[in-house]
Amino acid sequence: MAVLPFQPTPFFKNKNRAFWNLQFAGWGGAFLLRAITGLVGGQDASFLVIVAIEAITGFSISLVLSVIYQRLMTQKPLVTWASTAVVLTFAVWLFTFIIAWVISLTRASFDGNFVSLFIGFLIWPLTLLGGWSALYYAINFFLQVEEQADRLERLEAQATSAQLAMLRYQLNPHFLFNTLNSISTLVLLKQTAPANAMLTRLSSFLRHTLMIEASGTVTLEQEIETLKLYLGIERMRFEERLRTEFNIEPDAALACLPAMLLQPLVENAIKYAVSPQEEGAKISLEAQLVGQRLRVTVSDTGPGLPSDGGHHILPDALTGEGRAVSTGVGLANIRDRLAQAYGDDHLFEIRTPPTGGFTVIIELPFTKAEDDAEQAAPRAVSGTNPQVAPPKSAMPAPALTSRQIGTQT
């Protein structure tokens, strides 16, 4: 496929240049049309002088009109159109007068009836200046609408970026609240060595998160590295009770997703699966490509969701509705971030297998990170256990979609 040696630029990117290009092209075209028509109609060569004077006169009058119209466009509509009609009428009259005067001076056949000559040539200046004025207003209004649309698009992008940043900034205080509580407990128990180790890992984790743009995206591989830093902190608390397993396809590891999207899922799994059980639980994370979509599954072997009459009740920390001990950050945060980043083009689903446990499935459009020139070959993120069970997404289980999450009580 051939590649153009230059990048095409929009015609109206430089408005000043576009105006002069249209001026010369328009009035040059009018000159050629009038000249060819006259010569075909039997006019002599002296007729070209009159046509040239017409083009120069129209060119000059239109320049004055452009200055006047530019000021009128900022007025109220009634003032704009009324003033335009008056100015255009005067411009047409002046243009016609100049043409009739030139013809009366250069044509020997002129019989001296200037009024008849003036009326006879009135239609041509009216057509030229009327068409020029209509085109001038149409182009400028089009450019104004386009600028407003671009401005609105930028404002919407800024609002979306601010919303994503706000949602992203909710995570660090939520995580710090739990981690600092754990460190405080270790200090009260006079376990200074584990407390110091946890503080060191917390520092590394926060340093890592500060390098990530708040509203930006990262590859899934980078997201897994962040999760492992977080799990290293939590493993100081739970030791062998916290078991993890990662099964990431090599191609899926290159997919992009919002930064720290999966951390609340793992944090909730620790809080509701590992912490309440004496034997702990295993947290599994699987990622694969399904067509042109990235599917990420986070599951745990905890007690799952409590039920009441067959209806699932989501914990407050998951829905973001808690007011007592929950900080209101959990699946609701993820749901909002996905809605901001992808609109309706995503899947956010909760599954509760009959055998227990809790599974969250996220599907996003697959967007591959741009390959750097010096980037190494992609590598899979391996788990602690090479023998991985089939994905739990294949298990028959009642499903709760993202819309249903907000309606559960």
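Not measured: the values here are computed from a predicted model.

**Side note on the side chain of serine 62**
Right, so step 1: Its place among the elements puts serine 62 in helix 2 (residues 47-72).
Right, so step 2: For serine 62, a relative accessible area of 0% translates into the label buried.
Right, so step 3: Here the side chain of serine 62 touches tryptophan 27 through a polar contact of 3.2 Å, side chain to side chain.
Right, so step 4: Those residues within four positions of serine 62 in sequence are excluded, and the remaining contacts are Gln23, Trp27 and Trp132.

**A few points about the packing of aromatic side chains**
Right, so step 1: This structure, assessed with the given rule, holds 16 aromatic pairs.
Right, so step 2: Here the aromatic rings of tyrosine 69 and tyrosine 137 are separated by 4.9 Å at their centres, their planes lie at 35°, and the arrangement is tilted. Of the two residues, tyrosine 69 is situated in helix 2 and tyrosine 137 in helix 5 (residues 123-169); the sequence distance between them amounts to 68 residues.
Right, so step 3: Overall, the relative accessible area of 4% leaves tyrosine 137 in the buried class.
Right, so step 4: Centroid distance phenylalanine 90 to tryptophan 93: 6.2 Å. Interplanar angle 25°. Geometry classified as stacked. Of this pair, phenylalanine 90 and tryptophan 93 both sit in helix 3 (residues 77-106), 3 residues apart, roughly one helical turn.
Right, so step 5: In this structure an aromatic cluster arises from ring pairing among Tyr69, Trp81, Trp132, Tyr136, Tyr137 and Phe141.
Right, so step 6: One Lys or Arg, arginine 34, reaches over the ring of tryptophan 124 and ends 5.5 Å from the middle of that ring.
Right, so step 7: One residue, lysine 228, lies across the ring of phenylalanine 246, its end atom 5.4 Å from the ring centre.

**Considering the packing of helix 1 (residues 15-40) against helix 2**
Right, so step 1: Put simply, helix 1 and helix 2 touch, their axes get as near as 9 Å, and they point 150° apart. With respect to their mutual orientation, helix 1 and helix 2 come out roughly antiparallel. Crossing of helix 1 against helix 2: the hand is right-handed. Counting all contacts with helix 1, which are made through Phe19, Trp20, Gln23, Phe24, Trp27, Phe31, Arg34, Ala35, Gly38 and Leu39, the residues of helix 2 involved are Phe47, Leu48, Val51, Ala52, Glu54, Ala55, Gly58, Phe59, Ser62, Leu63 and Ser66.

**Things to note about the pattern of salt bridges**
Right, so step 1: On inspection of all chains with the given rule, the structure shows 7 salt bridges.
Right, so step 2: Between glutamate 147 and lysine 15 there is a salt bridge, and its shortest N-O distance comes to 2.1 Å. Separated by 132 residues along the polypeptide, glutamate 147 in helix 5 and lysine 15 in helix 1 bring together distant segments of the chain.
Right, so step 3: Residue lysine 15 is classed as partly exposed on the basis of its relative accessible area of 41%.

**A word on the environment of phenylalanine 59**
Right, so step 1: Here phenylalanine 59 is to be found in helix 2.
Right, so step 2: Between the C-alpha atom of phenylalanine 59 and that of glycine 26, which follows or precedes it by 33 residues, the distance is 9.1 Å.
Right, so step 3: When sequence neighbours within four positions are dropped, the list of residues in contact with phenylalanine 59 reads Trp20, Gln23, Phe24 and Trp27.

**Remarks on a negative patch on the surface**
Right, so step 1: Taken together, Glu146, Asp150, Glu153 and Glu156 make up a surface patch of like negative charges.
Right, so step 2: Counting through the fold element by element, glutamate 156 comes out in helix 5.

**Focus on the packing of helix 8 (residues 220-238) against helix 9 (residues 263-274)**
Right, so step 1: Running from amino to carboxyl end, helix 8 crosses helix 9 at an angle of 25°, the nearest separation of the two axes being 10 Å. With respect to helix 9, the axis of helix 8 lies roughly parallel. Helix 8 and helix 9 meet at a crossing whose hand is right-handed. Mapping the contact onto sequence places Glu223, Leu227, Tyr230, Leu231, Glu234 and Phe238 in helix 8 and Gln263, Val266, Glu267, Ile270 and Val274 in helix 9.

**What about the pairing of strand 9 (residues 358-365)?**
Right, so step 1: Burial analysis of strand 9 places 8 of its 8 residues in the buried class, which makes it a mostly covered element.
Right, so step 2: Bridge count for strand 5 (residues 293-300) against strand 9 is 8 bridges, and the pairing is antiparallel. Along strand 9, the bridge assignment pairs valine 296 with isoleucine 362.
Right, so step 3: Here strand 8 (residues 347-351) runs beside strand 9; their pairing, made up of 5 bridges, is antiparallel. Looking at the pairing, phenylalanine 348 lines up with isoleucine 362 of strand 9.
Right, so step 4: Hairpin remark: strand 8 followed by strand 9, antiparallel, with 6 residues in the connecting loop; positive phi at glycine 356, about 105°.

**Some details on the confidence of the model for the protein**
Right, so step 1: For the protein, the average pLDDT comes to 76, and 74% of its residues sit at 70 or higher.
Right, so step 2: The low-confidence segment residues 309-328, where pLDDT is below 50, has 46 contacts with residues more than four positions distant or belonging to other chains.
Right, so step 3: Under a pLDDT of 50 for its full length, residues 371-409 has, in the predicted model, 75 contacts with residues more than four places off or in other chains.

Rules used in this analysis
- Here, residues in each chain are numbered from 1, in the same order as that chain's written sequence.
- Given that this is a predicted model, residues contribute local features only at a pLDDT of at least 70 and side-chain atom pairs are listed and counted only at 80 or more, while totals for whole chains, interfaces and linings are drawn from all residues.
- Excluded from the side-chain calculation are hydrogens and water; included are all heavy atoms of the structure.
- Numbered from the N terminus, helices here are DSSP runs of H or I no shorter than four residues, and strands are runs of E no shorter than two.
- Buried, partly exposed and exposed residues are distinguished by accessible area as a fraction of the type maximum, computed with a 1.4 Å probe on protein chains only: under 20%, between the cut-offs, and over 50%, respectively.
- Identification of polar contacts relies on pairs of N or O atoms within 3.5 Å, with a donor-acceptor requirement for protein atoms, meaning one able to donate a hydrogen and the other able to accept it, and with residues adjacent in sequence counted only if both atoms are side-chain atoms.
- The contact criterion used is simple: two residues touch if any of their non-hydrogen atoms lie within 4.5 Å.
- Stacked, tilted and edge-to-face pairs are distinguished by plane angle, under 30 degrees for stacked and over 60 for edge-to-face with tilted covering the rest, among Phe, Tyr and Trp rings (Trp via its six-membered ring) whose centres lie within 6.5 Å.
- Only lysine NZ and arginine CZ atoms are considered, and such an atom sits over a ring when it is within 6 Å of the ring centre and within 35 degrees of the ring normal.
- Convention adopted: a line fitted to C-alpha atoms gives each axis, helices being fitted over their contacting stretch, and angles between N-to-C directions are expressed from 0 to 180 degrees.
- Roughly parallel covers angles under 35 degrees, roughly antiparallel covers those over 145, roughly perpendicular covers 65 to 115, and oblique covers all other angles.
- Left-handed is the label given to a crossing in which the near helix is rotated counterclockwise from the far helix by less than a right angle, and right-handed is the label when the rotation is clockwise.
- We define a salt bridge as a side-chain nitrogen of Lys or Arg found within 4 Å of a carboxyl oxygen belonging to Asp or Glu.
- Patch membership requires over 30% relative accessible area and the absence of a salt bridge. Like charges are linked within 9 Å, and nonpolar side chains (Val, Leu, Ile, Met, Phe, Trp, Tyr) within 5 Å.
- Using a 1.4 Å probe, accessible areas were evaluated by the Shrake-Rupley method; residue-level cover was limited to the displayed protein chains.
- Only four residue types enter the tally: Lys and Arg on the positive side, Asp and Glu on the negative side, with His and both chain ends excluded.
- Where a charge lies is defined by one atom per residue type, namely NZ (Lys), CZ (Arg), CG (Asp) and CD (Glu).
- For two strands to be treated as a pair, DSSP must find no fewer than two bridges joining them.
- The pLDDT value expresses, per residue, how confident the predictor is, ranging between 0 and 100.

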